[in-house]
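Structure at a glance
The residues making up each chain are set out below.
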Amino acid sequence: MESQLTILLPIAAVWVAAGVLADSLPRLRNTRALRRRTGWLLALAATGVTLTAAVLAGGLFSAGAAPIDRAAAGLTLTMGPALVVAASSVRRIRRLWAGAGAFASAPGTPAPYGLRADAAHPLVGLPLQVSALTTLPAVIAATGADLGAEPGVTGPAITVGALAVAVIGVRHALRHSRLAERTRPAASPSARAA
């Protein structure tokens, strides 16, 4: 196993675990489970941002073709989504964790639609899942499969990646709007008699 792969595998594993956990949050119906999983997600997101930033900073300060340089070169695509996670997702996850904590003292309390809609917000799950998706090319390149050298692979790979990001974004937006509609109060009937 190459040493750059040993650097990239834990980072990819953290991002994939965070993406899977973020995808399952809106399906939770119990507030206590929502708070516990949101706490795990907060820890995974902070760990992913920290590990990605550490490898990228290590690549900046290292000279030559060291394994940290090759790992940092592979993670340049992950830098954008990781910045969005640091700037937006961590704050939203922390607010969701605090909101679920207000209801979690009573066992078996059902999760309100407002919390589930916040858990389904596209800025909670989408950046985490895109970060997980962007670590895959670095891991594949570190295993020795140089798919970028093939002339007919790069274009379709970029197209498939862009389509996957678009599908994930639309899925999160539809789920969030469906849950957010349930949080609105029912329309009151007109005072006029028909």
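For the structure, see preceding data.
Summary of the structure given here. (Residues numbered from 1 in each chain as written. Predicted model: local features only at pLDDT ≥ 70, side-chain atom pairs only at ≥ 80, totals over all residues. Heavy atoms only, no water.)

1. A few points about the overall build of the protein chain
Here is the rule we go by: Helix numbering and strand numbering both begin at the N terminus, where a helix is a DSSP run of H or I of at least 4 residues and a strand a DSSP run of E of at least 2. Classification of residues uses two cut-offs on accessible area relative to the type maximum, computed with a 1.4 Å probe and protein chains only: under 20% is buried, over 50% is exposed, and between them is partly exposed. We call two residues in contact when some of their heavy atoms are within 4.5 Å. For the accessible areas, the method is Shrake-Rupley and the probe is 1.4 Å, while residue cover comes only from the protein chains on display.
Broken down by element type, the protein chain carries 7 helices and 0 strands. Residues classed as buried in the protein chain amount to 37% of the 194 residues present. Restricting to contacts in the protein chain with at least 6 residues of sequence separation, those with at least 24 account for 79%. A total of about 10,500 Å² of accessible surface is found on the protein chain, and carbon and sulfur atoms cover 68% of it.

2. Thoughts on helix α4 (residues 79-103)
Stated precisely, the cut-off is as follows: By definition here, a helix of n residues has an expected span of 1.5 Å times n minus one. What the bend at a residue measures is the angle between two axes, fitted to the seven residues ending there and to the seven starting there.
Between the first and last C-alpha of α4 there are 35 Å, a value that for 25 residues agrees with the 36 Å anticipated at 1.5 Å per step. By the largest-angle criterion, Val85 marks the main kink of α4, which is about 40°. Turning to α4, its buried residues are Pro81, Ala82, Val85, Ser88, Ser89, Ile93, Leu96 and Ala100.

3. Some details on the side chain of Thr109
Tracing the backbone shows Thr109 in the loop between α4 and α5 (113-119). For Thr109, the contacting residues outside a window of four places in its chain are Arg29, Asn30, Thr31 and Phe103.

4. Some words on the packing of helix α2 (residues 31-61) against α4
For the record, the criterion: Between N-to-C directions, angles cover 0 to 180 degrees, with each direction set by a line fitted to C-alpha atoms, over the stretch in contact for helices. Reported orientations rely on four angle classes, namely roughly parallel under 35 degrees, roughly antiparallel over 145, roughly perpendicular from 65 to 115, and oblique for the rest. A clockwise turn of the near helix away from the far one marks a right-handed crossing, whereas an anticlockwise turn of less than a right angle marks a left-handed crossing. For this classification, the nonpolar set comprises Ala, Val, Leu, Ile, Met, Phe, Trp, Tyr, Cys and Pro, the charged set comprises Asp, Glu, Lys and Arg, and every other residue, Gly included, is treated as polar.
The contact between α2 and α4 brings their axes to 9 Å, and the two run at 155°. Looking at the two axes, α2 sits roughly antiparallel to α4. Along this stretch, α2 crosses α4, giving a crossing that reads as left-handed. Classifying every residue of the contact of α2 with α4 by side-chain character gives 17 nonpolar, 5 polar and 2 charged.

5. Notes on the packing of aromatic side chains
Where we set the bar: When two rings of Phe, Tyr or Trp (its six-membered ring) have centres within 6.5 Å they constitute a pair, described as stacked for plane angles under 30 degrees, edge-to-face for angles over 60, and tilted for the intermediate range. As a reminder, the over-ring test applies to NZ of lysine and CZ of arginine, requiring each to be within 6 Å of the ring centre and within 35 degrees of the ring normal.
Here the structure, examined in full by the defined rule, presents 0 aromatic pairs. Sitting over the ring of Trp97, Arg35 keeps its end group 4.0 Å from the ring centre.

6. Examining the environment of Trp15
Operational definition: Under this definition, polar contacts are N or O atom pairs within 3.5 Å; protein pairs additionally need one hydrogen-donor-capable and one acceptor-capable atom, and for neighbouring residues in sequence, both atoms have to be side-chain atoms.
You can see Trp15 is positioned in helix α1 (residues 3-24). When the C-alpha atoms of Trp15 and Gly48 are compared, they prove to be 6.0 Å apart, with 33 residues separating the residues in sequence. Once you skip the residues sitting within four places of it in the chain, Trp15 turns out to touch Ala45, Gly48, Val49, Thr52, Thr78, Ala82, Val85, Leu128, Ser131, Ala132 and Thr135. A distance of 3.1 Å separates the side chain of Trp15 from the side chain of Thr52, its partner in a polar contact.

7. Examining the pattern of salt bridges
For the record, the criterion: Here, a salt bridge means any Lys or Arg side-chain nitrogen found within 4 Å of an Asp or Glu carboxyl oxygen.
Scanning the entire structure with this criterion turns up 3 salt bridges. In this structure, the salt-bridge partner of Arg171 is Asp23, at a minimum N-O distance of 2.4 Å. In this pair, Arg171 is assigned in helix α7 (residues 154-183) and Asp23 in helix α1, connecting sequence segments 148 residues apart. Residue Arg171 is classed as partly exposed on the basis of its relative accessible area of 39%. Assessed through its relative accessible area of 14%, Asp23 is described here as buried. Between Asp23 and Arg175 there is a salt bridge, with its nearest N and O atoms 3.0 Å apart. Residue Asp23 is located in helix α1, and its partner Arg175 is located in helix α7; the two are separated by 152 residues in the primary sequence. Taken as a pair, Asp23 and Arg175 share a single burial class, namely buried.

8. Let's talk about the nonpolar core
Rule in force here: Residues enter a nonpolar core if they are buried and are Ala, Val, Leu, Ile, Met, Phe, Trp, Tyr or Cys, with the set joined through side-chain atoms within 4.5 Å.
Leu8, Trp15, Leu25, Leu34, Leu41, Ile93 and Leu128 are the most contacted members of the largest nonpolar core, which totals 34 residues. For this core, the elements supplying multiple residues, two or more each, are α1, α2, α3 (67-74), α4, α5 and α6 (122-142). The biggest single contributor to this core is α1, with 8 residues. Excluding anything up to four places from it in sequence, Leu8 contacts Ala71, Leu75, Ala138, Val139 and Ala142.

Bear in mind that shape data such as this cannot, by itself, settle questions of function.
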